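# Remarks on the overall topology
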Amino acid sequence: MAFPCPPRDLPTECDPGPGCTTDPPTDPNDTCPAACELGPCSPEERATLSRAVRVAAADESESPRSHPCNCDEIEFQASDPNRFFASFTKGLLHNALGEVIPGPYCNLLRAIATANPDLFEAVNLGCCPSCPPPLPSGLPPELECRVRRRMLENPQAAYAFDLEGFDSHALCLPPAPKFSSAEEISEIAELYWMALARDVSFTQYASDPLINQAAADLQLYNCFFGPTDPALLFRGTTPWSLDGPYISQFFYMDTPYGAQRIPGRIRTLQPHIDYVTAYNDWLAVQDGCDREQSACDDVPRWIRNGRDLAQFVHVDLTFNAFLNAALQLLSPDEPLRRCEAAPGRAVEFARCLPYVNPAAPFEEQFPGKSKNQIGFATFGAPHLISLLVETMDRALKAVWYQKWAVHRRLRPEEFGGRIHNGVTGAAVYPFDGANFAQLNATLLPAIFTHNQVNNRNLRRFPEGGTYLLPQAFAEGSPIHPSYGSGHSTVAGALGTILKAFFPGEHVILNPVVPTDDGTALTAYDPDGDPALTVEGEINKLVDNVGIGRLFAGVHWRSDHQESIKLGEAVALSILCNQRNLYNEPFEMRLRRYDGSWVRIRPGQVCPETLEGEPGSCMPTRTSFLCVGPEL
């Protein structure tokens, strides 16, 4: 017979009831301090300290900045009030040249200027009511149209506030290259070559004829700022990203996810099939008509070429690659200690953090760490993972402000339409003369032939060839402006967080590369190249994620290179805001993407810029002082 459990006399409003007190011991140093509530601070002191921490963080986060742009929208609209050909207008209604109808675009500008939610709802989107091709769904026409029409992506995120890190409006990007600049043509030339080279295996770059032709051609553009060595073509420029294989080693391991495994191989796309290469299709896509991705490859493959990399960043949630890298670095290697589903890399925590990584080999741990504690909510795995996710959201808000409220840079696919109309004589645009002549002499004939073959294969016979930028995604770019890049901003931010937690000098052993068909991995022969390190492969991961969007044809090189610095600033501001939140003495030291060193520690100006690599650890606090904290 079961007896009922007597009700418990629960205290209300944190009152423990008679015979018990919440007051801390009178002198915890002279007695065994048994009590309900233990700690150095009284509730009043804790409230005062908490407010002081928040005020100090808010004070250092408020740094007003001016936000210059390239003035294209102002200058070209002044010369012709009905033309906005140098601005991002995708998703609105366009004329036969793919130039936006002025009324809907001006409505969008008014909504952005006022931040009035009702005005955003009143913006006239394109595509409907003629929304080709119709869905065989039997849905009412207005609902079917909404299914096929893409919508503006989150312009009101530009106005969101945060309670941590720099306010999104306090960070800036330099002006994007002007529509008429030599740099703009140089960047579109790289994107045309990347489109043509999507199916070339990265391991073949040094010897591939197309890659060598691209490298030789890009050297002729006087404002191209990427590498031009064939073996290093289409790479980023962060420190050590030019070392070793093109793809970061963090892509070439199954990721431990507790009792589950995140496979390293991906579902990618079939080769030699590009999109938005027919002019009528391009027009519909500019109006915001959606397209389904076709020609998917059902064979899982390791990332081996530009098309694979583009597909990874097509359907990821922006942070995926960095979550995977964190889980690999945190998790034990063989033998599996707790029946985890997959081995990790088991890398120790950075030298001046307070705790060891319990999954890393004991002999690899840095000296001076706690001998009887490990981290969890602070300086442990949950701390790192939560930082990655919260930093991602703040980075996106920062770049969304730049996208919508400041720059509104057109997407490369839009510029490709201007190129097509300029070459065919349908319209006149102020292209940079010398670089446009180079583009027209060598590269555009190859693009015309490529698009002609692609349109024939996709049964778009009437279209013939075009000079449009071939897209890896059927729908083309997202419906938000190009500058800066959301992926690159998040990559720059999350790479910074990873570098704050793990020692950059740790060597990654037994590097691998995929076979040319991507179905297997083989050992990488460094052949005298420098060893691959955690910092170098994190930097490479940052570049892989951002440049993957260039391989897709949806971003420019300057979008990526400037945005990783924006993301880094977001991440450093969050780490600086949090530096006075912990009881443990600690110090974070990391190298920026420009190669300079910074240090983050409690009670100091943050981040400290250092000359050269910092020396020994310099923690400045051993415990909280509850009265009059010096922050």
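What this report covers is the structure whose coordinates are included nearby. (Residues numbered from 1 in each chain as written. Predicted model: local features only at pLDDT ≥ 70, side-chain atom pairs only at ≥ 80, totals over all residues. Heavy atoms only, no water.)

Let us look at the overall build of the protein. Tallying secondary structure elements over the protein gives 16 helices and seven strands in all. The buried share of the protein, reckoned over its 631 residues, is 54%. The contacts of the protein with a sequence gap of at least 6 include a subset with a gap of at least 24, amounting to 74%. Of the roughly 27600 Å² of accessible surface on the protein, 56% is carried by carbon and sulfur atoms. (Helix = DSSP H or I, 4+ residues; strand = E, 2+ residues; numbered from the N terminus. Buried < 20%, exposed > 50% of the residue type's maximum accessible area, 1.4 Å probe, protein only. Contact = heavy atoms within 4.5 Å. Areas by Shrake-Rupley, 256 points an atom, 1.4 Å probe, with all protein chains shown as cover.)

A few words on the state of the cysteines. Evaluated as defined, the whole model comprises three disulfides. In this model Cys352 forms its disulfide with Cys617; the gap between the sulfur atoms is 2.0 Å. Of note, the bridge from Cys352 to Cys617 carries an S-S torsion of about -85° and is left-handed in sense. Of this pair, Cys352 sits in the loop between α10 (320-330) and α11 (381-407) while Cys617 sits in the segment after β7 (608-610); the two residues are 265 residues apart in sequence, bridging distant segments of the chain. On the accessibility criterion, Cys352 (7% relative accessible area) is buried. The exposure class of Cys617 is partly exposed, given its relative accessible area of 31%. Across the disulfide from Cys576 sits Cys606; the S-S distance is 2.0 Å. (Disulfide = S-S within 2.5 Å.)

What follows covers the side chain of His480. For His480, the position within the fold is in the loop between α13 (433-457) and α14 (486-501). Reaching out from His480, the side chain makes a polar contact with the side chain of Lys403 at a distance of 3.1 Å. Excluding residues that lie within four positions of it along the chain, His480 makes contacts with Phe88, Glu153, Trp400, Lys403, Trp404 and Arg411. (Polar contact = N/O pair within 3.5 Å; in protein donor to acceptor, adjacent residues only side chain to side chain.)

With that settled, consider empty space enclosed by the protein. Think of a ball as big as a water molecule: rolled over the atoms, this probe shows where empty space is left. A full pass over the atoms with the stated rule returns four cavities of 30 Å³ or more. Taken as a whole, the largest cavity encloses approximately 70 Å³ of empty space. If you go around the largest cavity, you meet 15 residues; those closest to its centre are Asp162, Phe166, Asp167, Ser168 and Arg394. Of the residues in the lining of the largest cavity, the class split is seven nonpolar, three polar and five charged. (1 Å grid on protein atoms, 1.4 Å probe; cavity = no way out; pocket = protein on both sides within 12 Å on 5 of 7 lines; lining within 4 Å. Points joined across faces, edges and corners; volume = space filled by probe spheres on them. Nonpolar A, V, L, I, M, F, W, Y, C, P; charged D, E, K, R; others polar.)

Structurally, Leu283 is set in helix α8 (residues 279-286). By relative accessible area, which is 17% here, Leu283 ends up buried. Along the backbone, Leu283 and Lys90 are 193 residues apart, and their C-alpha atoms lie at a distance of 9.8 Å. When residues no more than four places from it in sequence are discounted, the contact partners of Leu283 are Asn95, Ala96, Leu97 and Gly98.

By themselves, these observations are geometric and do not establish any function.
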